[in-house]
Amino acid sequence: MVTGAIYFTGTLYWITGVMATYGDMARWVAVLINAGLVIYQTLYVAIFALILRRIVVAHGPTSLMAAPAVWVATELGRTYILTGFPWVLLGYSQTTVLPIAQLASLFGVYGVSMLVASVSTVLAMAGCKLARATLPLVVVFGAVLGVAVWGSRRAAMADWTHTGEAIRVGLIQGNVDQDEKTQAGRAAAIFQDYLRMTRQAIGEGAEFVVWPESSTPFQFEDDLLAAAQVRTLARQARVPILLGSDQFVRGANGAPTTFYNAAFLVRPDGTTGGVYRKMHLVPFGEYVPVKKLLFFAAPLVQAVSDFSAGDEAVLLPVGDHLVSTAICYEVVYPDLVRRFVAGGSEMLTTITNDAWFGPTSAPYQHFEQASMRAIEEGRYLVRSANTGISGIVDPYGRVIARTGLYQPAVVVGEARFLKTSTFYGRHGDILAYASVMATAALLAVAGRVK
C-alpha cells in the first residue's frame with residue numbers, strides 16, 4: 001500500500017488541480033477525491049502483494065518468479081474494472097527506450113510491463129540471496145538482451161516507413177487557455193486563429209489537417225455560419241480537415257437531449273465525411289459516476305458536463321483511406337485503438353485538449369502513452385493537442401515531430417497510410433489474459449496447500 005501510494009501520488013497529483021480549478025470546488029475537497037482515486041489505484045498494488053505472498057507461502061521462495069504474471073494480471077484489472085483507469089502502466093517507462101519498446105508490437109504494453117517486472121523480480125531474488133536465483137537471473141537478462149538486439153534491428157530496418165502511401169499532415173496547436181473559450185468576444189478571434197493557422201499549414205504543403213479536441217468555441221453542427229467557413233476552406237484547398245467539437249442531439253421539441261464529445265471529418269468537397277463520438281469518457285471530467293453518493297462534491301457534479309458515450313468505433317475517410325481518432329485519454333486504452341485498426345484504420349490520429357492539466361507532468365505522460373499505440377499497431381500516429389504536446393510518431397515509436405507546451409504551433413510532417421499488421425494487432429492482449437489465467441491457477445493450487 002505504501003509503495004502504491006507513493007507511485008500514484010507522484011503520477012496523479014495533477015488531478016487535484018484540475019478539479020479545484022475547473023470543477024469549482026474547494027481544494028481540500030479536491031484533495032480528498034483525488035486521494036480516493038489514489039487509494040483505489042493503490043489497492044491493485046496491495047492485491048498484487050497479497051496474491052504473490054500466498055503463492056510464495058504455498059509453493060516456496062522460487063515461486064517469486066510468478067511476480068511478473070501477477071503484476072500484469074493486476075494491470076489488466078486496472079484497465080477494465082469500474083470502467084478502468086490504466087494510466088502510467090509499468091511498461092510505459094520504456095516508451096523512449098526504442099529497442100525494448102518494440103516488444104509492444106508482439107504483446108502490447110503489458111508485455112513490456114512483464115519484462116520490466118521480470119528484471120525487478122530476479123534482482124529481488126538475487127538481493128535476498130535465494131537459492132536457485134542464478135538461473136532465473138541468467139534467463140531474464142538473456143531475454144532482455146535478446147529483446148534489445150531484436151528491437152534494435154527492427155527499429156533500424158524500419159520497413160514500414162518506406163511502404164504505404166505518404167501524406168503531408170498538418171497539426172494545429174491553438175494554445176487556447178480553457179477559460180478563454182467562455183470569455184465574451186474571444187470565440188470569434190479563437191476561430192479565426194484556427195482558420196489562419198490552417199491556411200498556413202496548407203501553404204506549407206499539408207494534405208490533411210487535424211485540429212485538437214473541442215477546438216471550436218462553438219458546436220460545429222449548430223453554428224452554420226462558422227461551419228460554412230471551415231467547409232469553404234476545405235473545399236477551396238481540396239484538403240480534408242479533422243476537428244473536435246461537442247455534438248448535441250436534439251429531441252422532437254428541438255431541445256438538446258444527448259451530448260457527445262465528437263470528432264468531425266470535413267471532406268475536400270466541404271461535406272461531412274463522418275462523425276466519431278467518444279466512447280470512453282473521463283470520470284469526473286465528462287461525467288460523474290455515482291452522483292448520488294458524491295453529495296459532498298456538489299460543485300463538481302454541477303460543473304462537469306453530462307456527456308454520453310458513443311457506441312461505435314467509426315472510421316473516417318481521408319481520400320481512399322480510412323483513419324481513426326481517439327479523443328483525449330481514450331488513447332491509453334490499447335484494446336480500443338486495436339479495434340479501430342482491426343476495423344480497417346490505416347492511420348491513428350488522436351485529438352486532445354490537455355489545457356486541463358496545467359504545467360504538470362500529465363501532458364508528458366499522455367504523449368508517451370499515445371506513442372506506445374503506434375508501436376503496438378504498426379501505424380503512424382498523429383496527435384493534435386490544444387496546448388501541446390502535438391506530434392507525429394512513426395510505427396516504431398520514433399517521434400518525427402513534436403511541439404512544446406503552451407505555445408501556438410503549426411506542424412507539417414509526413415505520415416503514411418499502412419495496411420500491414422503486427423502480432424499484437426492480430427492477437428491482442430493474449431499475454432495479459434494468459435497472466436490472469438496463470439495467476440488464477442497458482443492461487444487455486446495454493447488454496448489446497450495447508
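Values in this document were obtained by computation on a predicted structure and should not be read as measured data.

A. Spotlight on the overall build of the protein. Helix and strand content of the protein: 14 helices and 12 strands. Here the protein has a C-alpha radius of gyration of 23 Å; the compact-globule value for 450 residues is 22 Å, and the two agree. Overall, the protein is about 75 × 55 × 40 Å in size when its C-alpha atoms are taken along their principal axes. When each of the 450 residues of the protein is scored for burial, the buried share is 54%. For the protein, long-range pairs separated by at least 24 residues make up 70% of all intrachain contacts whose partners lie at least 6 apart in sequence. Element-wise, carbon and sulfur atoms account for 63% of the exposed surface of the protein, whose accessible area totals about 18,800 Å².

B. Focus on the sheet that holds strand β9 (residues 381-385). Spatially, the six strands line up as an open sheet ordered β6-β7-β8-β9-β10-β11, and their pairing is mixed. Two strands close off the open sheet at either side, each with one partner strand: β6 (316-318) and β11 (399-402). Strand-to-strand twist in this sheet, taken as the mean axis angle between neighbours without regard to direction, amounts to 25°. Summarising the sheet, β6 and strand β7 (residues 321-327) pair through three bridges and their orientation is antiparallel. Within the sheet, the bridge partner assigned to Leu-316 lies in β7 and is Val-323. Helix α12 (residues 362-377) contacts β8 (348-352), β9, β10 (391-393) and β11 of the sheet and is inclined by roughly 160° relative to β9.

C. Representation of the nonpolar core in the model. Counting residues in each nonpolar core, the largest one holds 65 residues, and the members touching the most others are Trp-14, Trp-87, Val-169, Phe-208 and Leu-242. Ignoring sequence-local partners within four residues, the contact set of Phe-208 consists of Ile-167, Arg-168, Val-169, Gly-170, Val-239, Pro-240, Leu-242, Leu-265, Val-318 and Thr-349. Within the second largest apolar cluster, 26 residues are counted, among which are Ile-190, Phe-191, Leu-243 and Phe-264.

D. Here's a closer look at the environment of Tyr-92. Among the structural elements, Tyr-92 can be located in the loop between α4 (67-80) and α5 (98-101). For Tyr-92, a relative accessible area of 8% corresponds to the buried category. Separated by 277 residues in sequence, Tyr-92 and Gln-369 have C-alpha atoms that sit 6.3 Å apart.

E. Structural detail: the packing of aromatic side chains. Enumeration over the complete set of coordinates arrives at 15 aromatic pairs. Seen in terms of ring centroids, Tyr-7 and Phe-8 are 5.0 Å apart; in terms of plane orientation they differ by 80°. Their pairing is edge-to-face.

F. Region of the structure containing the pairing of β11. The sheet contact formed by β10 and β11 spans three bridges and is antiparallel. Looking at the pairing, Ile-392 lines up with Ala-401 of β11. Between the end of β10 and the start of β11, which pair antiparallel, lie five residues, with Gly-397 showing a positive phi angle near 90°.

G. Local environment of the environment of Gly-164. When you line up the elements, Gly-164 lands in the loop between α7 (134-157) and β1 (165-173). Classification of Gly-164 as partly exposed rests on a relative accessible area of 46%. Residues Gly-164 and Ala-415, spaced 251 residues apart in sequence, show a C-alpha to C-alpha distance of 9.5 Å. Those residues in contact with Gly-164, other than ones at most four positions away along the chain, are Arg-416, Phe-417 and Leu-418.

H. Layout of the packing of helix α6 (residues 104-127) against α12. Interhelical geometry of α6 versus α12 gives an angle of 145° and a closest axis separation of 8 Å. Of the residues in α12, those touching α6 at Ala-104, Ser-105, Gly-108 and Val-109 are Met-372, Arg-373, Ile-375 and Glu-376. In terms of residue class, the contact of α6 with α12 is made up of four nonpolar, two polar and two charged.

I. Local environment of α4. With 14 residues, α4 should reach 20 Å at 1.5 Å per residue; the first-to-last C-alpha distance of 20 Å fits that figure. The complete set of buried residues in α4 reads Ala-67, Pro-68, Ala-69, Val-70, Val-72, Ala-73, Thr-74, Glu-75, Leu-76, Gly-77, Arg-78 and Thr-79. Buried residues along α4 sit in contact with α1 (2-12), α3 (27-59), α6 and α14 (430-447). Note on α4: the residue one or two positions beyond its end, Leu-82, has a positive phi of about 55°.

Rules and cut-offs
Residues numbered from 1 in each chain as written. Predicted model: local features only at pLDDT ≥ 70, side-chain atom pairs only at ≥ 80, totals over all residues. Heavy atoms only, no water. Helix = DSSP H or I, 4+ residues; strand = E, 2+ residues; numbered from the N terminus. Rg over C-alpha atoms; globule rule 2.2 N^0.38 Å. Buried < 20%, exposed > 50% of the residue type's maximum accessible area, 1.4 Å probe, protein only. Contact = heavy atoms within 4.5 Å. Areas by Shrake-Rupley, 256 points an atom, 1.4 Å probe, with all protein chains shown as cover. Pairing = 2+ DSSP bridges. Axes fitted to C-alpha atoms, helices over the stretch in contact; angles between N-to-C directions. Core = buried A, V, L, I, M, F, W, Y, C linked by side-chain atoms within 4.5 Å. Phe/Tyr/Trp six-rings, centres within 6.5 Å; stacked < 30°, edge-to-face > 60°. Nonpolar A, V, L, I, M, F, W, Y, C, P; charged D, E, K, R; others polar. Expected span 1.5 Å × (residues − 1).

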